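# Reading the structure
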Amino acid sequence: MSRAVEDQNRRLLRARDAMDRTYAQALDIPTLAGIAHVSPAHFIRTFRATFGETPHRYLQRRRVERAMFLLRESDLSVTSICFEVGFGSLGTFSRTFRDIVGEPPSVYRIRAAALPSVPTCFGMAWTRPSTFGEARPADRG
């Protein structure tokens, strides 16, 4: 791997780490591109080539992952969770959650409550969405 590619990957990782830390805040492409020290268009292209999904899809998936945790572990309402993880509307949150997870947030909460008690690492591996738009069947057992 060339030095230039290493530097580019390091800058992209800084931007991705910023998304991981501040997923609930309003993040836009120019801000993230600034963290990576590249133009917005170049940032989108190289992020997708490096991580396999666009920055927007990555951020949406991180927000849904956090929402999944809150739905399992808290008594907050779906609406409260929606805003806490950074979505601006309940409709967008519900649609995005369903696209990624394969079921609406309220159904996920009910099903997750019925899961047996297992170590957290197993639960996270089992419930983590793999990529945006590849929802698993709700009746997987």
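In short, a report on the structure. Please read all numbers here as calculations on a predicted model, not as lab measurements.

This paragraph deals with the packing of helix α4 (residues 55–73) against helix α6 (residues 90–101). In the contact formed by α4 and α6, the axes pass within 10 Å of each other and the chain directions differ by 90 degrees. Regarding the angle of α4 to α6, the classification is roughly perpendicular. Facing Q60, R61, V64, A67, M68 and L71 of α4, the residues of α6 in contact are F93, T96, F97, I100 and V101. A breakdown of the residues in the contact of α4 with α6 according to their chemical character gives 8 nonpolar, 2 polar and 1 charged.

What follows covers the packing of aromatic side chains. For the coordinates displayed, the defined rule picks out 6 aromatic pairs. Between the aromatic rings of F93 and F97, the centroid separation amounts to 5.7 Å while the plane-to-plane angle is 55 degrees, which identifies the pairing as tilted. Here F97 and F93 lie together in helix α6, a separation of 4 residues that amounts to about one turn. Judged by relative accessible area, which is 0%, F93 ranks as buried. Above the ring of F87, the side-chain terminus of R63 is found at 5.9 Å from the ring centroid.

Reading guide: rules and limits
Starting afresh in each chain, residues are numbered from 1 along the sequence in its written order. Where totals are concerned, whole chains, interfaces and linings use all residues; where local detail is concerned, this predicted model gives features only for residues with pLDDT of at least 70, and gives and counts side-chain atom pairs only at 80 or more. With hydrogens and water excluded, all non-hydrogen atoms of the structure serve as input to the side-chain values. Angles here are taken between N-to-C directions and fall from 0 to 180 degrees, while the axes themselves are lines fitted to C-alpha atoms, restricted in helices to the stretch in contact. Strands are runs of DSSP state E lasting at least two residues, helices are runs of H or I lasting at least four, and both sets are numbered from the N terminus onward. Note that the term roughly parallel is reserved for angles under 35 degrees, roughly antiparallel for angles over 145, roughly perpendicular for angles of 65 to 115, and oblique for everything else. Contact definition: two residues touch when any of their heavy atoms are within 4.5 Å. Note that Gly is not counted as nonpolar here; it falls among the polar residues with everything else outside the nonpolar set of Ala, Val, Leu, Ile, Met, Phe, Trp, Tyr, Cys and Pro and the charged set of Asp, Glu, Lys and Arg. Each pair of aromatic rings taken from Phe, Tyr and Trp, with Trp reduced to its six-membered ring, is defined by centres within 6.5 Å and is described as stacked if the planes are under 30 degrees apart, edge-to-face if over 60, and tilted in the remaining cases. Partly exposed describes any residue whose relative accessible area lies between the buried limit of under 20% and the exposed limit of over 50%, with all areas from a 1.4 Å probe on protein chains only and scaled to the type maximum. Working rule: Lys NZ or Arg CZ, within 6 Å of ring centre, within 35 degrees of ring normal, means a charge sits over the ring.

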